[in-house]
Amino acid sequence: MDNRRVKIAPSILSADFARLGEQVAEAEQAGADCLHIDVMDGQFVPPITFGPVVVEAIRPKTSLPLEIHMMVVEPENHFHQLRDAGADRIIIHQEATAHLHLSAGQIRDMGMESGVAVNPGTSLSTVEEVISEIDLLLVMTVNPGWGGQPFIASSVRKISRARACLDEAKSKAMLEVDGGIKADNAALVVNAGADQLVAGSAVYNDNVSVFEAMAQLRSAICRVGDLG
Ligand code: DX5
Ligand code: ZN
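Here we summarise the structure given alongside this text.

## What about the packing of aromatic side chains?
Tallied over the entire structure, the rule returns one aromatic pair. Where F17 meets F50, the ring centres are 5.7 Å apart and the plane angle is 85°; that geometry is what we call edge-to-face. Here F17 is found in the loop between β1 (7–10) and α1 (20–29), whereas its partner F50 is found in the loop between β2 (35–40) and α2 (52–58), with 33 residues between them in sequence. With a relative accessible area of 46%, F17 lands in the partly exposed category.

## As for helix α4 (residues 100–109)
Among the residues making up α4, those that are buried are L100, S103, A104, G105 and I107. Tucked inside the fold, the buried residues of α4 contact α3 (79–85), β4 (89–93) and β5 (113–118). Just downstream of α4 lies G111, where phi reads positive at about 90°.

## What about the sheet that holds β5?
Pairing within the open sheet is parallel, and its eight strands lie in the order β1-β8-β7-β6-β5-β4-β3-β2. Edge positions in the sheet fall to β1 and β2, since each of these pairs with one other strand and no more. Across this sheet, the average inter-strand angle for adjacent strands is 25°, counted without regard to direction. Across four bridges, the pairing between β1 and strand β8 (residues 196–199) is parallel. Paired with I8 across the two strands is L197, which belongs to β8.

## Focus on the site of ligand 1
Neighbouring ligand 1 are 20 residues; S11, G145, D178, G180 and S201 lie closest to it. Between S11 and ligand 1, the recorded distance is 2.8 Å, taken from a side-chain N or O atom to an oxygen atom. Alone, ligand 1 offers 380 Å² of accessible surface; in the complex the protein occludes 100% of this. With respect to the detected pockets, ligand 1 is housed in the largest cavity. Counting residues per element, the ones that place at least two in the shell around ligand 1 are β2, β3 (66–71) and β8. Considering only residue class, the shell around ligand 1 consists of eight nonpolar, ten polar and two charged.

## Focus: empty space enclosed by the protein
The final tally for this structure, using the stated rule, is one cavity of 30 Å³ or more. Empty space within the largest cavity amounts to approximately 220 Å³. Along the wall of the largest cavity there are 25 residues; nearest its centre are W146, G147, G148, D178 and G179. Counting residues per element, the ones that place at least two in the lining of the largest cavity are β2, β3 and β8. Its residues assigned to classes, the lining of the largest cavity comprises eleven nonpolar, eleven polar and three charged.

## Side note on the pairing of β5
Taken residue by residue, a regular strand's side chains alternate between the two faces of the sheet. Counting buried residues in β5 gives five out of six residues, a clear majority hidden from the surface. Note that β4 and β5 share five bridges and pair parallel. Paired with R89 across the two strands is E113, which belongs to β5. A crossover links β4 with its parallel partner β5, the connecting element being α4, and its sense is right-handed. Alignment of β5 against strand β6 (residues 136–140), held across four bridges, turns out to be parallel. When the sheet's bridge partners are listed, A117 is paired in β6 with L138.

Calculation notes
Residues numbered from 1 in each chain as written. Chains lettered and ligands numbered in written order. Predicted model: local features only at pLDDT ≥ 70, side-chain atom pairs only at ≥ 80, totals over all residues. Heavy atoms only, no water. Phe/Tyr/Trp six-rings, centres within 6.5 Å; stacked < 30°, edge-to-face > 60°. Helix = DSSP H or I, 4+ residues; strand = E, 2+ residues; numbered from the N terminus. Buried < 20%, exposed > 50% of the residue type's maximum accessible area, 1.4 Å probe, protein only. Contact = heavy atoms within 4.5 Å. Pairing = 2+ DSSP bridges. Axes fitted to C-alpha atoms, helices over the stretch in contact; angles between N-to-C directions. Near = heavy atom within 4 Å. Polar contact = N/O pair within 3.5 Å; in protein donor to acceptor, adjacent residues only side chain to side chain. Areas by Shrake-Rupley, 256 points an atom, 1.4 Å probe, with all protein chains shown as cover. 1 Å grid on protein atoms, 1.4 Å probe; cavity = no way out; pocket = protein on both sides within 12 Å on 5 of 7 lines; lining within 4 Å. Sits in = over half its atoms within 2 Å of the grid points. Nonpolar A, V, L, I, M, F, W, Y, C, P; charged D, E, K, R; others polar. Points joined across faces, edges and corners; volume = space filled by probe spheres on them. Right-handed = clockwise from strand over helix to strand, strands pointing away.

The following block contains the structure:
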């Protein structure tokens, strides 16, 4: 196991929206590395969440980078608005655009980092040709659309394959995982090669404070060497 520092990106999907500003500040104070914002359009996935207006509202509340996970068909229609709202990174789904290479390049051209996500049922081979265009590869470890779902166990091998794929391409892109990440499986996914963990319901829930939840995740990640 190398000494890379694994990052934690709390997803505000499970936050208390009535006090979103406070919840964002809590995550930052608790040591979050980035904020993960799940934009859903009711088409690519059934739920509708929020869009650029909410990104704009969050922007002045934190100095953390804002990454936008677009579960949206034809995401390219919204890049400008999201950039103007304060997005630092935009992640689009391989399954949601006809022109993945073009769209990933456009995000960078607009001065943001570009990420590509793959659903659990999507092969990594579908994103091989865009690796040089991206700053982040997101392996979904649940089917997208909802927080609080169980981690799909077979994803661990997919994360390892994604790691190998990025390493082989000598890519500096981060490998992120999203869905069902908790303190009890965090070490497993880090050991498989993940650089950044999205955590929604593990961070925002009624059982522990955001501070405590983040501490639990951080200490789980630190145990990664034990799995060696
Ligand atoms: C699901 C979203 C996730 C979600 C994760 O479609 O992409 O970011 O917030 O929630 P948990 O961590 O609860 O699985
Ligand atoms: Zn997400």
